[in-house]
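So you can see what is in the structure, the chains are spelled out below.
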Amino acid sequence: MKRKAKRLLGMLLAVVMVVGMMPMTAMASDGTEIITASENVEVLEAGESDEVIVVNEAEQDTEAEAGEDVFEDVETSPILGASSTAEVWVGGVSMANNTYLANGETKTQTTKPEEGGYAYLKDGVLTLDNYQYTGTGYCDLEGDYIGIYTKGATNIVLIGENGISIDTNVGDDALYIGFYCDGNTVICGEGSVEIEAEFGILSGVGELCIKDCDISIDATSDSGHGIFVSEQNYIEENAKVTINAGGHGIFVCFGMLTVKNSENVVTKGEDGEGYAAYGDIRFEDSIITGGSIARANYGSGSLYILNSTLETTDNVSSNQAIYIDNSDVTALTLKGSYVNVADSNVTITTTEWTGPMSGYVAAGIEATNGMEATNSELIVNAGIRGYNTFVFNDC
């Protein structure tokens, strides 16, 4: 367990070293007045007034001005081509180009199996057609056990119902990984895969794109993570991802997490977040449920919820801005440096003012550098707290 902890800590320390050199957002001075809903925000009945309510005379925060165009469509993922020289291991077996591996076999063959599921590799495209595997998989140089291992740009195509289950009882120091991707990787197809492992999908190098397919991950050990990505993670084009994890549901060390035209159901353990990234987290035209939504404590990214439904019994937070447009959001609390809500319904369910330290008071919505809401319905049971300007128009 010590080696495992050191390796994961090493990845996180690398992130801290990089982002630690980035400029941090300046906080308000001690003399700045704290604004709370109970003291400053007039509560209106629906349709009672269409005027702008400004709470205090400070000028609008520059983040509000910069947020005017944030609701434009986010770019989809880049085209990630496959490499004919990619190294691929399936179920502990090395795959040569243009070969098949039938269910239950330990050697590849050059002809398609007459019956049953199989894996097939052709020019960097790995097709899993009703492939099923249970075992320890491929043991890499680090002593980790991996069901599907790819090195180099790879496309993984899912057909039918596939399953990867990794035996996690080999040794305490090992990582047990369903898919390990070392290079740009696309997982796609009209099929599905169920993964049981300590790490469902671990992308050590390159970007990971999940599209069209259905992925279910059971990573419920104490240190288990559903999807752990070092760079960018895209989930799009009607993909459905269901994760039950002991740690993080989806965690991106560098770059952003984008979910577009997809449905995600993520639950997480006590030691992790449902969704976490050191860059932007963007949900667009998607349905998001379960787990807390949190940006990490470093970096300069923001949280975008656009044309989506987000429902969680946990917290939604970002050290930077939160933008909600044409969406339905239900959460325990909402916290960002700046909060912008437009044409949306936001329900914050916490009923208690609580804080992480003595003398600290937290509210249902916290916006340290101001908040603007337009043509929206806000239901907040524990008040609104923050600095600078608060603007509510047609709310």
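Residues numbered from 1 in each chain as written. Predicted model: local features only at pLDDT ≥ 70, side-chain atom pairs only at ≥ 80, totals over all residues. Heavy atoms only, no water.

Colleague: Give a description of the state of the cysteines that names residues and reports values.
Modeller: Enumeration according to the criterion identifies zero disulfides in this entry. The structure places no disulfide on Cys-213, whose sulfur is separated from the nearest cysteine sulfur, that of Cys-188, by 6.9 Å. (Disulfide = S-S within 2.5 Å.)

Colleague: Go over the nonpolar core, please, and point to the residues and values.
Modeller: Burial of nonpolar side chains together is a common tendency in soluble globular proteins. One finds Phe-179, Ile-187, Ile-201, Ile-210, Ile-227, Phe-283 and Met-371 to be the most contacted residues of the largest nonpolar core, which totals 71 residues. Excluding residues that lie within four positions of it along the chain, Ile-187 makes contacts with Ile-156, Leu-158, Phe-179, Ile-201, Leu-208, Cys-209, Ile-210, Lys-211, Cys-213 and Ile-215. Judged by nonpolar contacts, the second largest core, of 14 residues, contains Tyr-149, Ile-177, Leu-202 and Tyr-278. (Core = buried A, V, L, I, M, F, W, Y, C linked by side-chain atoms within 4.5 Å. Buried < 20%, exposed > 50% of the residue type's maximum accessible area, 1.4 Å probe, protein only. Contact = heavy atoms within 4.5 Å.)

Colleague: Kindly report on a negative patch on the surface, identifying the contributing residues and their values.
Modeller: A contiguous patch of negative charge on the surface is contributed by Glu-161, Glu-194, Glu-196, Asp-214 and Asp-218. Going through the elements one at a time, β15 (192-196) and β18 (214-219) are the ones with two or more residues in the negative patch. (Patch = residues over 30% accessible without salt bridge, like charges linked within 9 Å, V, L, I, M, F, W, Y side chains within 5 Å. Areas by Shrake-Rupley, 256 points an atom, 1.4 Å probe, with all protein chains shown as cover. Salt bridge = Lys/Arg side-chain N within 4 Å of Asp/Glu carboxyl O. Lys, Arg positive; Asp, Glu negative; His and termini not counted. Charge placed at Lys NZ, Arg CZ, Asp CG, Glu CD. Helix = DSSP H or I, 4+ residues; strand = E, 2+ residues; numbered from the N terminus.)

Colleague: Which residues make up the sheet that holds strand β8 (residues 132-135), and what values go with them?
Modeller: The strand order β8-β12-β15-β18-β21-β24-β27-β30-β33-β36-β39 describes an open sheet built from eleven strands, whose pairing is parallel. Looking at the sheet topology across the chains shown, the edges are occupied by β8 and β39 (377-380). Adjacent strand axes in the sheet meet at a mean angle of 5°, parallel and antiparallel pairs treated alike. Bridging between β8 and strand β12 (residues 161-166) involves four bridges; their strand directions are parallel. Across the sheet, Gln-132 pairs through a bridge with Gly-163, a residue of β12. (Pairing = 2+ DSSP bridges. Axes fitted to C-alpha atoms, helices over the stretch in contact; angles between N-to-C directions.)

Colleague: Give me the lowdown on the environment of Tyr-131, citing residues and values where you can.
Modeller: Its location among the elements puts Tyr-131 in the loop between β7 (125-129) and β8. Classification of Tyr-131 by relative accessible area gives buried; the value is 3%. Separated by 13 residues in the primary sequence, Tyr-131 and Tyr-118 place their C-alpha atoms 4.8 Å from one another. Those residues within four positions of Tyr-131 in sequence are excluded, and the remaining contacts are Val-90, Gly-91, Leu-101, Ala-102, Asn-103, Gly-117, Tyr-118, Ala-119, Glu-161, Asn-162, Gly-163 and Ile-164.

Colleague: Quick rundown of the pairing of strand β34 (residues 333-336)? Include the residues and the values.
Modeller: Sheet topology note: the strand β31 (residues 315-317)/β34 ladder contains three bridges and is parallel. Counterpart to Ser-317 in the pairing with β34 is Lys-335. For β34 and strand β37 (residues 365-367), the ladder comprises three bridges, and the chain directions are parallel. Its bridge partner being in β37, Leu-334 is matched across the sheet by Ile-365.

Colleague: Tell me what's going on with unusual backbone geometry, and back it up with residues and numbers.
Modeller: A positive phi is found at Asn-98, a non-glycine position, where the angle reads about 60°. Tracing the chain through its elements places Asn-98 in the loop between β4 (93-95) and β5 (99-102). On the accessibility criterion, Asn-98 (34% relative accessible area) is partly exposed. A positive phi angle, close to 55°, is found at Asn-130, a residue other than glycine. With respect to the helices and strands, the residue Asn-130 is situated in the loop between β7 and β8.

Colleague: Give a description of the packing of aromatic side chains that names residues and reports values.
Modeller: For the coordinates displayed, the defined rule picks out twelve aromatic pairs. With centroids separated by 5.9 Å and ring planes inclined at 10°, the aromatic side chains of Tyr-145 and Tyr-176 adopt a geometry described as stacked. In this pair, Tyr-145 sits in strand β10 (residues 145-151) while Tyr-176 sits in strand β13 (residues 176-182), placing the two residues 31 residues apart along the sequence. Exposure remark for Tyr-145: the relative accessible area of 18% places this residue in the buried category. For the pair Tyr-149 and Tyr-180, a centre-to-centre distance of 5.7 Å together with 5° between the ring planes defines the contact as stacked. With Tyr-149 in strand β10 and Tyr-180 in strand β13, this residue pair connects regions lying 31 residues apart in the sequence. Both residues of the pair, Tyr-149 and Tyr-180, count as buried. Taken together, the ring pairs connect Trp-89, Tyr-138, Tyr-149 and Tyr-180 into an aromatic cluster. When the ring centre of Tyr-304 is taken as origin, the NZ or CZ atom of Arg-282, which lies over that ring, is 4.0 Å away. (Phe/Tyr/Trp six-rings, centres within 6.5 Å; stacked < 30°, edge-to-face > 60°. Lys NZ or Arg CZ within 6 Å of the ring centre and 35° of its normal.)

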